[in-house]
Amino acid sequence: MVCDVLMYSETKIYRHSGKLGTALFGVPFIGILGGLVFGILYAYINVYFLGWRSDVLVTPILSFLFGAIIETVGDIAKCRNTMFMAMMGLLLSIFIMYANWVLFEFVMLNHKGITIEWYKIPSMFFDPDLVWENAVFINGRGWYGVKSWKPPSNVVWYYGLIEVFSIVGLVTFLVSVPINNAVFCESCDIWATPIHTVKFTLTENKTLLAQLKKGDIETLTQLKPTNKCPRIEVEIQECLSCYNTSTYQIKTVSLNHKAQEQKTNLTPLLLLSQDTKDRLYTIVLQQLNLKRF
Ligand SMILES: [Zn+2]
(Lines give C-alpha, C1' and ligand atoms only; values in the text may rest on other atoms or scores of the structure.)
Protein backbone atom coordinates (compact mmCIF):
# COMPACT_ATOMS: atom_id res chain seq x y z
CA MET A 1 0.00 0.00 0.00
CA VAL A 2 2.64 2.49 1.12
CA CYS A 3 4.69 1.51 -1.90
CA ASP A 4 1.76 2.28 -4.25
CA VAL A 5 1.28 5.72 -2.78
CA LEU A 6 4.96 6.55 -3.19
CA MET A 7 5.14 5.18 -6.70
CA TYR A 8 2.04 6.87 -8.05
CA SER A 9 2.17 10.15 -6.17
CA GLU A 10 1.29 12.22 -9.25
CA THR A 11 -1.41 9.94 -10.49
CA LYS A 12 -4.06 7.88 -8.77
CA ILE A 13 -4.77 4.19 -9.03
CA TYR A 14 -8.27 3.33 -10.21
CA ARG A 15 -10.07 1.05 -7.76
CA HIS A 16 -13.56 -0.48 -7.97
CA SER A 17 -16.12 0.88 -5.49
CA GLY A 18 -16.95 -2.71 -4.44
CA LYS A 19 -20.67 -2.20 -5.10
CA LEU A 20 -22.62 -5.26 -6.20
CA GLY A 21 -25.24 -3.64 -8.45
CA THR A 22 -27.98 -6.23 -8.97
CA ALA A 23 -25.45 -9.10 -9.03
CA LEU A 24 -26.38 -10.37 -5.55
CA PHE A 25 -29.52 -12.03 -6.98
CA GLY A 26 -28.87 -11.93 -10.74
CA VAL A 27 -25.61 -13.90 -10.74
CA PRO A 28 -26.71 -16.84 -8.50
CA PHE A 29 -30.11 -17.04 -10.27
CA ILE A 30 -28.73 -17.21 -13.82
CA GLY A 31 -25.81 -19.33 -12.57
CA ILE A 32 -28.05 -22.04 -11.09
CA LEU A 33 -30.39 -21.99 -14.10
CA GLY A 34 -27.45 -22.19 -16.53
CA GLY A 35 -25.84 -24.94 -14.41
CA LEU A 36 -28.99 -27.09 -14.72
CA VAL A 37 -29.26 -26.57 -18.50
CA PHE A 38 -25.58 -27.42 -19.01
CA GLY A 39 -25.92 -30.40 -16.64
CA ILE A 40 -28.70 -31.87 -18.81
CA LEU A 41 -26.66 -31.26 -21.99
CA TYR A 42 -23.58 -32.88 -20.42
CA ALA A 43 -25.58 -35.90 -19.22
CA TYR A 44 -27.17 -36.64 -22.61
CA ILE A 45 -23.94 -36.16 -24.55
CA ASN A 46 -22.08 -38.37 -22.08
CA VAL A 47 -24.61 -41.23 -21.94
CA TYR A 48 -25.69 -41.30 -25.60
CA PHE A 49 -22.70 -40.06 -27.61
CA LEU A 50 -19.24 -39.64 -26.15
CA GLY A 51 -19.11 -41.52 -22.85
CA TRP A 52 -16.10 -40.77 -20.63
CA ARG A 53 -14.61 -38.69 -23.46
CA SER A 54 -17.17 -35.96 -22.66
CA ASP A 55 -14.98 -34.94 -19.73
CA VAL A 56 -12.11 -34.16 -22.07
CA LEU A 57 -14.09 -32.80 -25.03
CA VAL A 58 -17.34 -31.36 -23.70
CA THR A 59 -16.60 -30.28 -20.13
CA PRO A 60 -14.04 -27.58 -21.06
CA ILE A 61 -16.41 -26.12 -23.71
CA LEU A 62 -19.41 -26.06 -21.34
CA SER A 63 -17.24 -24.61 -18.54
CA PHE A 64 -15.97 -21.91 -20.89
CA LEU A 65 -19.53 -20.98 -21.94
CA PHE A 66 -20.72 -21.12 -18.32
CA GLY A 67 -17.89 -18.80 -17.19
CA ALA A 68 -18.61 -16.40 -20.07
CA ILE A 69 -22.33 -16.29 -19.18
CA ILE A 70 -21.67 -15.62 -15.46
CA GLU A 71 -19.16 -12.92 -16.40
CA THR A 72 -21.67 -11.28 -18.77
CA VAL A 73 -24.41 -11.34 -16.12
CA GLY A 74 -22.00 -9.68 -13.62
CA ASP A 75 -21.22 -7.08 -16.27
CA ILE A 76 -24.89 -6.34 -17.03
CA ALA A 77 -25.68 -6.33 -13.29
CA LYS A 78 -22.89 -3.69 -12.89
CA CYS A 79 -20.99 -5.70 -10.28
CA ARG A 80 -17.82 -3.82 -9.23
CA ASN A 81 -16.74 -6.35 -6.63
CA THR A 82 -13.95 -8.67 -7.79
CA MET A 83 -14.09 -10.77 -4.60
CA PHE A 84 -17.84 -11.38 -5.01
CA MET A 85 -17.38 -12.47 -8.64
CA ALA A 86 -14.49 -14.79 -7.72
CA MET A 87 -16.61 -16.34 -4.92
CA MET A 88 -19.55 -16.74 -7.31
CA GLY A 89 -17.25 -18.36 -9.89
CA LEU A 90 -16.01 -20.82 -7.27
CA LEU A 91 -19.42 -21.69 -5.76
CA LEU A 92 -21.30 -21.87 -9.07
CA SER A 93 -18.60 -24.03 -10.66
CA ILE A 94 -18.86 -26.46 -7.72
CA PHE A 95 -22.63 -26.41 -8.25
CA ILE A 96 -22.39 -27.07 -12.02
CA MET A 97 -20.06 -29.98 -11.29
CA TYR A 98 -22.49 -31.46 -8.78
CA ALA A 99 -25.42 -30.87 -11.17
CA ASN A 100 -23.43 -32.67 -13.91
CA TRP A 101 -23.06 -35.70 -11.65
CA VAL A 102 -26.70 -35.80 -10.51
CA LEU A 103 -28.12 -35.40 -14.03
CA PHE A 104 -25.58 -37.82 -15.52
CA GLU A 105 -26.62 -40.48 -12.98
CA PHE A 106 -30.29 -39.79 -13.69
CA VAL A 107 -29.88 -40.17 -17.47
CA MET A 108 -27.47 -43.14 -17.19
CA LEU A 109 -29.62 -45.16 -14.77
CA ASN A 110 -32.76 -44.59 -16.87
CA HIS A 111 -30.82 -45.54 -20.01
CA LYS A 112 -29.79 -48.83 -18.37
CA GLY A 113 -33.38 -49.67 -17.40
CA ILE A 114 -33.33 -48.48 -13.78
CA THR A 115 -36.31 -46.13 -13.94
CA ILE A 116 -36.17 -42.88 -11.97
CA GLU A 117 -39.02 -40.40 -12.49
CA TRP A 118 -38.28 -36.76 -13.40
CA TYR A 119 -39.87 -35.45 -10.22
CA LYS A 120 -37.28 -37.36 -8.14
CA ILE A 121 -34.44 -35.16 -9.50
CA PRO A 122 -34.79 -32.38 -6.85
CA SER A 123 -34.59 -34.94 -4.02
CA MET A 124 -31.45 -36.44 -5.64
CA PHE A 125 -29.83 -32.98 -5.40
CA PHE A 126 -30.35 -32.93 -1.64
CA ASP A 127 -29.07 -36.45 -1.07
CA PRO A 128 -25.26 -36.43 -1.57
CA ASP A 129 -25.00 -39.95 -0.06
CA LEU A 130 -27.29 -41.32 -2.78
CA VAL A 131 -25.33 -39.40 -5.47
CA TRP A 132 -22.13 -41.02 -4.21
CA GLU A 133 -23.71 -44.51 -4.01
CA ASN A 134 -24.96 -44.15 -7.59
CA ALA A 135 -21.48 -43.05 -8.73
CA VAL A 136 -19.89 -46.11 -7.10
CA PHE A 137 -22.62 -48.37 -8.58
CA ILE A 138 -22.24 -46.96 -12.13
CA ASN A 139 -18.47 -47.19 -11.93
CA GLY A 140 -18.65 -50.76 -10.58
CA ARG A 141 -20.83 -51.84 -13.51
CA GLY A 142 -18.33 -50.35 -15.96
CA TRP A 143 -21.01 -48.20 -17.61
CA TYR A 144 -18.82 -45.16 -17.61
CA GLY A 145 -17.36 -45.93 -21.01
CA VAL A 146 -18.14 -46.02 -24.69
CA LYS A 147 -18.46 -49.00 -27.08
CA SER A 148 -15.66 -51.52 -26.57
CA TRP A 149 -13.02 -49.43 -24.77
CA LYS A 150 -13.65 -48.42 -21.18
CA PRO A 151 -11.20 -46.91 -18.74
CA PRO A 152 -10.44 -49.30 -15.85
CA SER A 153 -12.64 -48.61 -12.82
CA ASN A 154 -9.76 -47.37 -10.67
CA VAL A 155 -8.78 -44.78 -13.30
CA VAL A 156 -12.29 -43.35 -13.47
CA TRP A 157 -11.73 -41.38 -10.23
CA TYR A 158 -8.81 -39.56 -11.90
CA TYR A 159 -11.14 -38.48 -14.68
CA GLY A 160 -13.39 -37.15 -11.93
CA LEU A 161 -10.51 -35.12 -10.50
CA ILE A 162 -9.57 -33.69 -13.90
CA GLU A 163 -13.23 -32.72 -14.29
CA VAL A 164 -13.28 -30.94 -10.91
CA PHE A 165 -10.12 -28.93 -11.56
CA SER A 166 -10.99 -28.00 -15.14
CA ILE A 167 -14.47 -26.76 -14.22
CA VAL A 168 -13.64 -24.91 -10.99
CA GLY A 169 -10.36 -23.43 -12.26
CA LEU A 170 -11.61 -22.33 -15.66
CA VAL A 171 -14.90 -20.84 -14.45
CA THR A 172 -13.36 -18.94 -11.51
CA PHE A 173 -10.65 -17.55 -13.80
CA LEU A 174 -13.11 -16.50 -16.53
CA VAL A 175 -15.47 -14.86 -14.07
CA SER A 176 -12.99 -12.86 -12.01
CA VAL A 177 -10.36 -11.67 -14.51
CA PRO A 178 -12.37 -9.35 -16.84
CA ILE A 179 -13.83 -7.32 -13.95
CA ASN A 180 -10.25 -6.63 -12.79
CA ASN A 181 -9.43 -4.94 -16.10
CA ALA A 182 -12.68 -2.96 -16.31
CA VAL A 183 -13.36 0.65 -15.23
CA PHE A 184 -16.70 1.92 -13.91
CA CYS A 185 -17.92 5.52 -13.87
CA GLU A 186 -19.75 5.90 -10.55
CA SER A 187 -21.35 9.25 -11.45
CA CYS A 188 -22.90 7.97 -14.73
CA ASP A 189 -23.48 4.40 -13.45
CA ILE A 190 -21.97 2.81 -16.60
CA TRP A 191 -18.81 0.93 -17.55
CA ALA A 192 -16.10 2.91 -19.28
CA THR A 193 -15.16 1.83 -22.82
CA PRO A 194 -11.67 1.00 -24.11
CA ILE A 195 -11.23 3.78 -26.69
CA HIS A 196 -7.56 3.75 -27.72
CA THR A 197 -4.52 1.53 -27.62
CA VAL A 198 -1.36 3.39 -28.50
CA LYS A 199 1.70 1.34 -29.44
CA PHE A 200 5.39 2.24 -29.04
CA THR A 201 8.71 0.47 -29.47
CA LEU A 202 9.86 -1.34 -26.34
CA THR A 203 12.80 0.46 -24.82
CA GLU A 204 15.68 -1.39 -23.16
CA ASN A 205 16.70 1.73 -21.33
CA LYS A 206 16.27 0.91 -17.63
CA THR A 207 15.66 4.52 -16.56
CA LEU A 208 12.92 4.95 -19.16
CA LEU A 209 11.32 1.64 -18.15
CA ALA A 210 11.38 2.68 -14.50
CA GLN A 211 9.65 5.96 -15.47
CA LEU A 212 7.02 4.04 -17.44
CA LYS A 213 6.39 1.78 -14.45
CA LYS A 214 5.57 4.94 -12.51
CA GLY A 215 2.98 5.78 -15.16
CA ASP A 216 4.99 8.76 -16.44
CA ILE A 217 3.53 9.65 -19.84
CA GLU A 218 6.27 12.18 -20.74
CA THR A 219 8.56 9.17 -21.25
CA LEU A 220 6.41 8.23 -24.26
CA THR A 221 7.79 11.25 -26.17
CA GLN A 222 11.11 9.40 -26.29
CA LEU A 223 9.63 6.30 -27.90
CA LYS A 224 8.74 5.66 -31.54
CA PRO A 225 5.36 4.30 -32.65
CA THR A 226 5.28 0.73 -33.89
CA ASN A 227 2.95 -2.22 -34.48
CA LYS A 228 5.72 -4.76 -34.17
CA CYS A 229 6.50 -7.02 -31.23
CA PRO A 230 7.98 -6.53 -28.62
CA ARG A 231 6.36 -3.18 -27.86
CA ILE A 232 4.85 -0.93 -25.20
CA GLU A 233 1.09 -0.37 -25.24
CA VAL A 234 -0.91 2.33 -23.54
CA GLU A 235 -4.58 1.37 -23.21
CA ILE A 236 -7.02 4.19 -22.59
CA GLN A 237 -10.55 3.65 -21.22
CA GLU A 238 -13.10 6.42 -20.92
CA CYS A 239 -16.69 6.95 -19.77
CA LEU A 240 -18.46 7.85 -23.01
CA SER A 241 -21.19 9.70 -21.12
CA CYS A 242 -19.31 12.31 -19.08
CA TYR A 243 -15.71 11.95 -20.41
CA ASN A 244 -14.53 12.61 -16.84
CA THR A 245 -13.73 9.07 -15.72
CA SER A 246 -10.74 8.05 -17.82
CA THR A 247 -7.92 5.63 -17.11
CA TYR A 248 -4.76 4.47 -18.79
CA GLN A 249 -2.63 1.41 -18.28
CA ILE A 250 0.87 0.79 -19.61
CA LYS A 251 1.73 -2.76 -20.74
CA THR A 252 4.53 -4.58 -22.49
CA VAL A 253 3.69 -6.98 -25.33
CA SER A 254 6.14 -9.75 -26.17
CA LEU A 255 6.05 -13.04 -28.05
CA ASN A 256 5.98 -16.25 -26.01
CA HIS A 257 7.61 -19.53 -27.11
CA LYS A 258 4.55 -20.36 -29.23
CA ALA A 259 4.99 -17.01 -31.05
CA GLN A 260 1.77 -15.66 -29.52
CA GLU A 261 1.55 -12.11 -28.20
CA GLN A 262 1.57 -11.93 -24.42
CA LYS A 263 0.73 -8.80 -22.43
CA THR A 264 2.26 -7.91 -19.06
CA ASN A 265 1.02 -4.96 -17.02
CA LEU A 266 3.70 -2.38 -16.20
CA THR A 267 1.21 -0.28 -14.20
CA PRO A 268 -2.18 -0.84 -12.58
CA LEU A 269 -5.17 1.07 -14.03
CA LEU A 270 -4.32 4.74 -13.45
CA LEU A 271 -6.81 7.61 -13.43
CA LEU A 272 -6.24 10.27 -16.08
CA SER A 273 -6.76 13.84 -14.91
CA GLN A 274 -7.96 16.32 -17.56
CA ASP A 275 -4.44 17.82 -17.84
CA THR A 276 -2.73 14.46 -18.20
CA LYS A 277 -5.33 13.39 -20.74
CA ASP A 278 -4.75 16.48 -22.90
CA ARG A 279 -0.99 15.94 -22.69
CA LEU A 280 -1.32 12.24 -23.54
CA TYR A 281 -3.46 12.98 -26.61
CA THR A 282 -0.97 15.64 -27.75
CA ILE A 283 1.86 13.10 -27.51
CA VAL A 284 -0.20 10.45 -29.33
CA LEU A 285 -1.04 12.87 -32.15
CA GLN A 286 2.61 13.91 -32.48
CA GLN A 287 3.67 10.27 -32.66
CA LEU A 288 0.99 9.45 -35.23
CA ASN A 289 2.18 12.36 -37.38
CA LEU A 290 5.75 11.14 -37.09
CA LYS A 291 4.59 7.74 -38.27
CA ARG A 292 2.74 9.20 -41.20
CA PHE A 293 5.65 11.23 -42.61
ZN1 LIG B 1 -19.26 9.12 -16.62
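Please read all numbers here as calculations on a predicted model, not as lab measurements.

Conventions and cut-offs
- Note that residues are indexed from 1 along each chain, following the sequence as it is written.
- Thresholds applied to this predicted model are a pLDDT of at least 70 for local features of residues and 80 or more for the giving and counting of side-chain atom pairs; totals over whole chains, interfaces and linings are not thresholded and use all residues.
- Under the DSSP-based scheme used, a helix requires at least four consecutive residues in state H or I and a strand at least two consecutive residues in state E, with every element numbered from the N terminus.
- Throughout, the radius of gyration refers to the C-alpha atoms, and the reference size of a globule is 2.2 Å times the residue count to the power 0.38.
- Exposure classification rests on a simple neighbour count of other C-beta atoms within 10 Å of a residue's own: a residue reaching 20 or more is buried, one at 12 or fewer is exposed, and one in between is partly exposed. C-beta atoms are placed from the backbone.
- We call two residues in contact if the C-beta atoms placed from their backbones are at most 7 Å apart.
- The span you would expect from a helix comes to 1.5 Å times its residue count less one.
- Here the rule is simple: two strands pair whenever DSSP picks up at least two bridges between them.
- As used throughout, a nonpolar core is a set of buried Ala, Val, Leu, Ile, Met, Phe, Trp, Tyr and Cys residues joined through C-beta atoms within 7 Å of each other.
- Domain start and stop positions are those given by an automatic or database domain assignment.
- Whenever a helix is involved, its axis is fitted only over the stretch in contact; in every case the axis is a line through C-alpha atoms, and angles between N-to-C directions fall within 0 to 180 degrees.
- Put simply, angles under 35 degrees are roughly parallel, angles over 145 are roughly antiparallel, angles from 65 to 115 are roughly perpendicular, and the rest are oblique.
- The hand of a helix crossing depends on one turn: near helix anticlockwise from the far one by less than a right angle means left-handed, and clockwise means right-handed.
- Under the scheme applied, nonpolar residues are Ala, Val, Leu, Ile, Met, Phe, Trp, Tyr, Cys and Pro; charged residues are Asp, Glu, Lys and Arg; polar residues are all the others, including Gly.

1. Details of the overall build of the chain
(1) Moving on: When you go through the chain residue by residue, the secondary structure sums to 10 helices and 8 strands.
(2) Moving on: A compact globule built from 293 residues would reach a C-alpha radius of gyration of about 19 Å, whereas the chain, at 25 Å, exceeds it by more than 25%.
(3) Moving on: In terms of its C-alpha atoms, the chain occupies a principal-axis envelope of roughly 75 × 40 × 35 Å.
(4) Moving on: Sorting the 293 residues of the chain into buried and exposed places 29% on the buried side.
(5) Moving on: The contacts in the chain between residues at least 6 apart in sequence include a share of 72% that link residues at least 24 apart.

2. Re helix α7 (residues 128-141)
The periodicity of an α-helix, 3.6 residues per turn, causes residues three or four places apart in sequence to face the same way.
(1) Moving on: In this model α7 runs 20 Å from its N-terminal to its C-terminal C-alpha over 14 residues, within 8% of the 20 Å that 1.5 Å per residue would give.
(2) Moving on: Burial runs low along α7: only 1 of the 14 residues are buried.
(3) Moving on: In the stretch just after α7, Gly-142 is the one whose phi turns positive, near 75 degrees.

3. Concerning unusual backbone geometry
(1) Moving on: The peptide bond linking Cys-229 to Pro-230 adopts the cis configuration, its omega dihedral lying at 0 degrees.
(2) Moving on: Assignment of secondary structure puts Pro-230 in the loop between α9 (206-213) and β5 (231-238).
(3) Moving on: With a phi close to 65 degrees, Ala-259 is a non-glycine residue in the positive phi region.
(4) Moving on: Counting through the fold element by element, Ala-259 comes out in the loop between β6 (246-255) and β7 (261-265).

4. Thoughts on the pairing of β6
(1) Moving on: Sheet analysis places β5 next to β6, joined by 8 bridges and oriented antiparallel. Residue pairing across strands places Val-234 opposite Ile-250, the latter belonging to β6.
(2) Moving on: Sheet analysis places β6 next to strand β8 (residues 270-271), joined by 2 bridges and oriented antiparallel. Opposite Thr-247, over in β8, you have Leu-271 as the bridge partner.
(3) Moving on: A loop of 5 residues connects β6 with β7, the two strands running antiparallel in sequence, and Ala-259 in this loop sits at a positive phi of about 65 degrees.

5. Side note on the nonpolar core
(1) Moving on: One finds Ile-70 and Phe-104 to be the most contacted residues of the largest nonpolar core, which totals 53 residues.
(2) Moving on: Within the residue set of this core, elements represented by two or more residues are α2 (23-50), α4 (59-76), α5 (82-111), α8 (153-180), β2 (184-185), β4 (193-201), β5 and β6.
(3) Moving on: Of all the elements, α5 adds the most residues to this core, at 14 residues.
(4) Moving on: Looking at which domains feed residues into this core, each of domain 1 (23-180) and domain 2 (186-292) supplies at least three.

6. Section: the packing of α2 against α4
(1) Moving on: Packing of α2 against α4 brings their axes to within 9 Å, and their N-to-C directions diverge by 160 degrees. In terms of orientation, α2 and α4 fall into the roughly antiparallel class. Here α2 runs over α4; the crossing is right-handed. Along the contact surface, α2 presents Ala-23, Gly-26, Val-27, Ile-30, Gly-31, Gly-34, Phe-38, Leu-41 and Tyr-42, while α4 presents Leu-62, Phe-66, Ile-69, Ile-70, Val-73 and Gly-74.
(2) Moving on: Classifying every residue of the contact of α2 with α4 by side-chain character gives 11 nonpolar, 4 polar and no charged.

7. Regarding α2
(1) Moving on: Between its first and last C-alpha, α2 extends only 36 Å over 28 residues, short of the 40 Å set by a 1.5 Å rise per residue.
(2) Moving on: All of the buried residues in α2 are Ala-23, Val-27, Gly-31, Gly-34, Gly-35, Phe-38, Gly-39, Tyr-42, Ala-43, Asn-46 and Val-47.
(3) Moving on: Contact partners of the buried residues in α2: α3 (54-57), α4 and α5.
(4) Moving on: One or two residues past the end of α2 sits Gly-51, with phi positive at roughly 60 degrees.

8. What about the environment of Ile-179?
(1) Moving on: Looking at the secondary structure, you find Ile-179 in helix α8.
(2) Moving on: Ile-179 gets classed as buried once you count the C-beta atoms within 10 Å, which come to 21.
(3) Moving on: In this view, Ile-179 contacts Gly-74, Cys-79, Thr-82 and Met-85; residues no more than four positions away in its chain are not counted.

9. As for the domain arrangement of the chain
Interface size is commonly expressed as the accessible area that is lost once the parts come together.
(1) Moving on: For the chain, the assigned domains are domain 1 (23-180) and domain 2 (186-292).
(2) Moving on: Using only C-alpha atoms to locate each centre, domain 1 and domain 2 end up separated by 40 Å.

10. Here we look at the environment of Thr-226
(1) Moving on: Relative to the elements of secondary structure, Thr-226 occurs in the loop between α9 and β5.
(2) Moving on: Its 15 C-beta neighbours within 10 Å are what place Thr-226 among the partly exposed residues.
(3) Moving on: A sequence separation of 182 residues divides Thr-226 from Tyr-44, and the C-alpha atoms of the two residues are 51 Å apart.
(4) Moving on: Ignoring sequence-local partners within four residues, the contact set of Thr-226 consists of Lys-199, Phe-200, Thr-201 and Arg-231.

11. Remarks on the pairing of β5
(1) Moving on: Within β5, 6 of the 8 residues are buried, leaving the element largely enclosed by the surrounding structure.
(2) Moving on: As paired elements, β4 and β5 share 8 bridges and run antiparallel to each other. Along β5, the bridge assignment pairs Pro-194 with Gln-237.

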